Amino acid sequence: DAKTTQPPSMDCAEGRAANLPCNHSTISGNEYVYWYRQIHSQGPQYIIHGLKNNETNEMASLIITEDRKSSTLILPHATLRDTAVYYCIVDLYNQGGKLIFGQGTELSVKP
Amino acid sequence: GAVVSQHPSWVICKSGTSVKIECRSLDFQATTMFWYRQFPKQSLMLMATSNEGSKATYEQGVEKDKFLINHASLTLSTLTVTSAHPEDSSFYICSARKPGLRGLQETQYFGPGTRLLVL
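Numbering of residues starts from 1 in each chain and follows the order in which that chain's sequence is written. Lettering for chains starts from A, numbering for ligands starts from 1, and both go in the order in which the items are written. Given that this is a predicted model, residues contribute local features only at a pLDDT of at least 70 and side-chain atom pairs are listed and counted only at 80 or more, while totals for whole chains, interfaces and linings are drawn from all residues. The basis for the side-chain values is all heavy atoms of the structure; hydrogens and waters are excluded.

Let's shift gears to the interface of chain B and chain A. Only heavy atoms matter for contacts: two residues are in contact if any of them lie within 4.5 Å across the pair. Counting residues at the interface gives 20 residues for chain B and 21 residues for chain A. The term buried area means the drop in 1.4 Å probe accessible area that two parts suffer when joined, counted for both and summed. Carbon and sulfur atoms make up 50% of the area that chain B and chain A hide from each other, which totals about 1,500 Å². Of all residues in chain B, Ser43, Gln105 and Phe110 of chain B bury the most surface against chain A, accounting for 35% of the area lost on that side. Here, a salt bridge means any side-chain nitrogen of Lys or Arg that lies within 4 Å of a carboxyl oxygen of Asp or Glu. Taken together, the links from chain B to chain A amount to one salt bridge.

This is the structure in structure tokens:
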């Protein structure tokens, strides 16, 4: 079973920041949090990952709470092309790095 | 990032035939690859872990004799759906673990998927 819970859907206005929450209250100390997104009929696209520090790359920022029980993916200026299903996944480090996908959050960016 | 390809991108076959899907890591070597399938409006379901040079590890409920996996090189894993039936119609996606630089965490990169339709 997935170790994360996410809201099933969210809306965001184009140009505004999209903040996608994720709960992972049973995460272990050496397990990373990964974010992927899947645009319809394509393979998942890697976005970002982190362990305990906040991370930023050209696509997004990842904010992880100090207790590591939750995180937020931030798309700073959402565009229509960011409409996708976003998956927050805990890397099962002790199981060969398997990624178990939950249901994700369906983000709709609206003009 | 990294590039993972799949071939074919879609395939239609008759019931009872076998279908082979290839997954290649194009710009890195991957000792571990994974195979998933996805039904419409559902999330990805992990089928098996493919390890270069050894037998694949299958998730509970996935028939190893039905879904044959071969990982003969560090850049290629294949999934063969044997004696395919209409219920095997699905979107099959592979991923490959790319080693991190200087001992950093590995990251999985996904292929574009293969859509299988069994008539």
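There is more to say after this.
Once that is clear, we can look at the pattern of salt bridges. Applying the stated criterion across every chain, the model contains six salt bridges over all chains. A salt bridge links Glu59 of chain B to Lys98 of chain A, with the shortest nitrogen-to-oxygen separation between them at 3.0 Å. With one member in each of two chains, Glu59 of chain B in the loop between β6 (57-58) and β7 (67-73) and Lys98 of chain A in strand β9 (residues 98-99) form a pair that bridges those chains. Comparing Glu59 of chain B with Lys98 of chain A shows no difference in burial state: the two are buried. Residue Arg24 of chain B pairs with Glu22 of chain B through a salt bridge whose shortest N-O separation is 3.4 Å. Under the scheme used here, helices are H or I runs from DSSP no shorter than 4 residues and strands are E runs no shorter than 2 residues, and both carry numbers assigned from the N terminus. For every residue, the accessible area obtained with a 1.4 Å probe (protein chains only) is divided by the maximum for its type, and the residue is called buried under 20%, exposed over 50%, and partly exposed between those limits.

Close reading of the predicted structure is inappropriate where its pLDDT is low. In this model, chain A carries an average pLDDT of 93, and 96% of its residues clear a pLDDT of 70 or more. Each residue carries a pLDDT score, the predictor's own confidence in it, on a scale running from 0 to 100. Model confidence for chain A, summarised as mean pLDDT per element, is weakest for β9 of chain A at 86 and strongest for strand β2 (residues 18-23) of chain A at 98.

Now for unusual backbone geometry. Between His7 of chain B and Pro8 of chain B the backbone carries a cis peptide bond, its omega angle lying at 0 degrees. As for its placement among the helices and strands, Pro8 of chain B is situated in the loop between β1 (4-7) and β2 (10-13). Phi is positive for Ser41 of chain A, which is not a glycine, with a value near 65 degrees. Considering the arrangement of structural elements, one finds Ser41 of chain A in the loop between β3 (33-38) and β4 (45-50). Judged by relative accessible area, Ser41 of chain A falls into the partly exposed class, the value being 39%. In this model, Ser83 of chain B sits at a positive phi of 45 degrees, which is unusual for a non-glycine residue. Within the element layout of this structure, Ser83 of chain B appears in the loop between β8 (76-81) and β9 (90-98).

Time to look at the state of the cysteines. Working definition: a disulfide is two cysteine sulfur atoms within 2.5 Å of each other. Tallying each qualifying case throughout the model produces two disulfides over all chains. With a sulfur-sulfur separation of 2.1 Å, Cys22 of chain A is cross-linked through a disulfide to Cys88 of chain A. Of note, the bridge from Cys22 of chain A to Cys88 of chain A carries an S-S torsion of about -80 degrees and is left-handed in sense. Within this pair, whereas Cys22 of chain A is found in strand β2, its partner Cys88 of chain A is found in strand β8 (residues 84-92), the two being separated by 66 residues in sequence. Two residues share a disulfide in this structure: Cys23 of chain B and Cys94 of chain B, whose sulfurs sit 2.0 Å from each other.

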